[in-house]
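Listed below are the residues making up each chain.
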Amino acid sequence: MKEMEFTALELAKKIHKREISVREAVEAAFKRIEEKEAVLHGYITLDREGALKRAELVQKQIDSGEQTGILAGVPVAVKDNICTKGIRTTCASKILENFVPTYSAEAVFNLEKAGTIVIGKTNMDEFAMGSTTETSYYGVTRNPWKIGHVPGGSSGGSCAAVAAGECSFALGSDTGGSIRQPSSFCGVTGLKPTYGTVSRYGLIAYGSSLDQIGPIARDVSDCAAVLEVIASYDPKDSTSVKRKQGEYRFMQALVEDVAGLRIGIPRDYFGEGLDPEVKAAILQAVRVLEERGALVEEFDLSFVEYAIPAYYVIASAEASSNLARFDGVKYGYRTEEYKGLHQMYKKTRSEGFGTEVKRRIMLGSFVLSSGYYEAYYQKALKTKALIKQAFDRAFAQFDLIVAPAAPTTAPKLGESLADPLKMYLGDIYTISANLAGLPGISVPCGRDAEGLPIGMQLIGNCFEEDKIIRAAYTWEKSREKIDLAAAE
Ligand code: GLN
């Protein structure tokens, strides 16, 4: 269906010009889903009926001139840890199997206000803990480029759905790389905004001080457009930041120009452990930006080796506290047979959570317990502050930093689960941005010998999405020109 070959902005334009109706756009997405889902499994829940009903309403609003949003009428998929009023939201966990939220997350509310149509909820690692979408209670998602490989995680369902044209764009969440890493594995573009830019209201919390919702889309322009729609100051989220008016106009950064932009290449990110093909593809893209006038220089970021231990202590600590609410009383699953309240809690949580989630809860409870709090949790917080300072020093010298999104391309299904420590190490290039609250974008920059996509990550200083969007956009346009030249 050609509708699903358009970017979200292109599709919205055609809807606006009445070349395609909203209903046709939504039906085209479901047609793709019918063709692809049996193999891919990007979704946990689909809402065909609700989407078609909304399509009718939005069409009327467009026809009457009441709805003029830049993405009006476009079908969107939402990661299943983001609450959608009336649509089941499971966090890919058994414990929330029957949870239907009574309200929508602020980001979803903003999307709907702009006239987009939520068509379903995407698969993910259980409670967003993982890097492969294999810890989902509802089964794995496959990489659309090579179905024997993982799509990455935890927003693997969202990225696979975008890559396969099962939606025009999707929302993901990123606590330690869960938007950027699967985007790179699936050959799509994903942006994690500065902490506090998109409201966390209605995002089921994993590591609250690190979590951010962000767009996953077919190109940089769509990412900027979606971010412009979902970003807002929200008093319902105590960590929401009121940015300056002009700072919400992310599309203004879609400028093909990097002349004079100072790009830093951290030597610590391009050494041992990085796949040579991934390294070569990224450095090639950097050379293109340099040819377009960017000033590129290597430097030492430092503290890189402490990021993973600090992240896993902080994220697990926050998770252990956040997940205490799932006790069989307030939400979702409750064990069938029990004697007394304590046994009910114990059995509910033992049966309701998967292995990885339990591992994090235990780790988190341990590092927060008296006697270990100072040794682990407090030390991790101090390390986080040092990492932030290292980035502050880097951004005094550079406008943005280039990094891989992951050390390798997508691994094969089943390879990562056996060794969780190895899986944690794969987060090395993404977690620091979360610890320091920085924005980061992953853009496709080539393929490996097997044909699997490679992503380049651009990290910006806090509140400077404009710079990473501009550089990513310039790279994307240059790449299109290179592709065209090669085709001729
Ligand atoms: N892989 C990391 C983790 O398991 C990051 C996940 C995320 O960003 N949600 O914690």
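Residues numbered from 1 in each chain as written. Predicted model: local features only at pLDDT ≥ 70, side-chain atom pairs only at ≥ 80, totals over all residues. Heavy atoms only, no water.

Peer 1: I'd love a proper account of the sheet that holds strand E9 (residues 400-404), names of residues and values included.
Peer 2: Within the open sheet, the eleven strands sit side by side as E1-E3-E2-E4-E6-E5-E10-E11-E9-E7-E8. Their pairing is mixed. For this open sheet the edge positions go to strand E1 (43-46) and strand E8 (295-299), each flanked by a neighbour on one side alone. Pairs of neighbouring strands in the sheet enclose a mean axial angle of 30°, with direction left out of account. With five bridges connecting them, strand E7 (residues 262-266) and E8 associate as parallel partners. What sits directly across from Gly264, in E8, is Glu297. Packed onto the sheet, helix H15 (residues 465-487) meets strand E5 (189-192), E9, strand E10 (440-447) and strand E11 (453-460) and runs at close to 15° relative to E10. (Pairing = 2+ DSSP bridges. Helix = DSSP H or I, 4+ residues; strand = E, 2+ residues; numbered from the N terminus. Axes fitted to C-alpha atoms, helices over the stretch in contact; angles between N-to-C directions. Contact = heavy atoms within 4.5 Å.)

Peer 1: I'd like a rundown of the side chain of Glu134, residues and numbers included.
Peer 2: Relative to the helices and strands, Glu134 is located in the loop between strand E3 (117-122) and helix H5 (156-163). No salt bridge is formed by the buried Glu134; its nearest oppositely charged neighbour, Arg142, is found at 9.2 Å. Side-chain polar atoms of Glu134 contact the backbone nitrogen of Gly414, separated by 2.5 Å. Sequence-distant contacts of Glu134, defined by excluding residues within four places in its chain, comprise Asp125, Val140, Val150, Leu413, Gly414, Ser416 and Leu417. (Buried < 20%, exposed > 50% of the residue type's maximum accessible area, 1.4 Å probe, protein only. Lys, Arg positive; Asp, Glu negative; His and termini not counted. Salt bridge = Lys/Arg side-chain N within 4 Å of Asp/Glu carboxyl O. Polar contact = N/O pair within 3.5 Å; in protein donor to acceptor, adjacent residues only side chain to side chain.)

Peer 1: Quick one: what's the story with the site of the ligand, residue by residue and with numbers?
Peer 2: Within the structure, the ligand sits among 15 residues, and Thr175, Gly176, Ser178, Tyr206 and Tyr311 are positioned closest to it. At 2.8 Å from an oxygen atom of the ligand is found a main-chain nitrogen or oxygen belonging to Gly130. Note that an oxygen atom of the ligand is positioned 2.6 Å from one of the side-chain N or O atoms of Tyr206. About the coverage of the ligand: the protein hides 99% of its 290 Å² of free accessible area. Its residues assigned to classes, the shell around the ligand comprises five nonpolar, seven polar and three charged. (Near = heavy atom within 4 Å. Areas by Shrake-Rupley, 256 points an atom, 1.4 Å probe, with all protein chains shown as cover. Nonpolar A, V, L, I, M, F, W, Y, C, P; charged D, E, K, R; others polar.)

Peer 1: An account of H15 is needed here, citing residue identities and associated values.
Peer 2: The end-to-end C-alpha distance of H15, which contains 23 residues, comes to 33 Å, matching closely the 33 Å that a straight helix rising 1.5 Å per residue would cover. Those residues of H15 not exposed but buried are Glu465, Lys467, Ile468, Ile469, Ala471, Ala472, Tyr473, Thr474, Trp475, Glu476 and Ser478. Packed against the buried residues of H15 are E5, helix H7 (220-230), helix H8 (276-291), E9, E10 and E11. (Expected span 1.5 Å × (residues − 1).)

Peer 1: Go over the packing of helix H2 (residues 22-40) against helix H3 (residues 48-63) with me, naming the residues and quoting the values.
Peer 2: Angle between the axes and distance between the axes: these two values describe a pair of packed helices. Two elements in contact, H2 and H3, have axes whose closest approach is 8 Å; the angle formed by their N-to-C orientations is 155°. On the basis of their axis angle, the class for H2 and H3 is roughly antiparallel. Residues Val22, Arg23, Val26, Glu27, Phe30 and Glu34 of H2 lie in contact with H3, whose contacting residues are Arg48, Ala51, Leu52, Ala55, Val58, Gln59 and Ile62. For the contact of H2 with H3, the residue count by class is eight nonpolar, one polar and four charged. (Parallel < 35°, antiparallel > 145°, perpendicular 65-115°, else oblique.)

Peer 1: Which residues make up the environment of Lys279, and what values go with them?
Peer 2: On the secondary structure map, Lys279 appears in helix H8. Residue classification places Lys279 among the partly exposed residues on the basis of a relative accessible area of 31%. Sequence separation between Lys279 and Ala403 is 124 residues; the distance between their C-alpha atoms is 9.2 Å. When residues no more than four places from it in sequence are discounted, the contact partners of Lys279 are Phe270 and Leu274. Among the polar contacts listed, one links the side chain of Lys279 to the backbone oxygen of Phe270, at a separation of 3.2 Å.

Peer 1: Talk me through the nonpolar core; I want residue IDs and the actual numbers.
Peer 2: By size, the foremost hydrophobic cluster in this structure holds 150 residues, and its most contacted members are Phe127, Val402 and Met456. Looking at this core, the element that brings in the most residues is helix H9 (residues 307-322), giving ten residues. In this structure Met456 touches Ile282, Ala285, Val286, Val402, Ala403, Ile441, Ser442, Val443, Cys445 and Trp475, once residues within four positions along its chain are discounted. Of all hydrophobic cores here, the second largest spans five residues; its members include Val150, Ala406, Ala410 and Leu452. (Core = buried A, V, L, I, M, F, W, Y, C linked by side-chain atoms within 4.5 Å.)

Peer 1: Quick one: what's the story with the pattern of salt bridges, residue by residue and with numbers?
Peer 2: Opposite charge on two side chains makes pairing possible when the charged atoms of those side chains draw close. By the definition in use, this model includes 29 salt bridges. Notably, a salt bridge pairs Lys388 with Asp392, separated by 3.0 Å at the nearest N-O pair. One end of the pair is Lys388 and the other is Asp392, both in helix H12 (residues 373-397) and four residues apart, which spans about a single turn. A salt bridge links Asp399 to Lys467; the nearest nitrogen and oxygen atoms lie 3.1 Å apart. Of this pair, Asp399 sits in the loop between H12 and E9 while Lys467 sits in helix H15, placing them 68 residues apart in sequence. One continuous salt-bridge network, built from bridges that share partners, spans Arg243, Lys244, Glu247 and Glu465.

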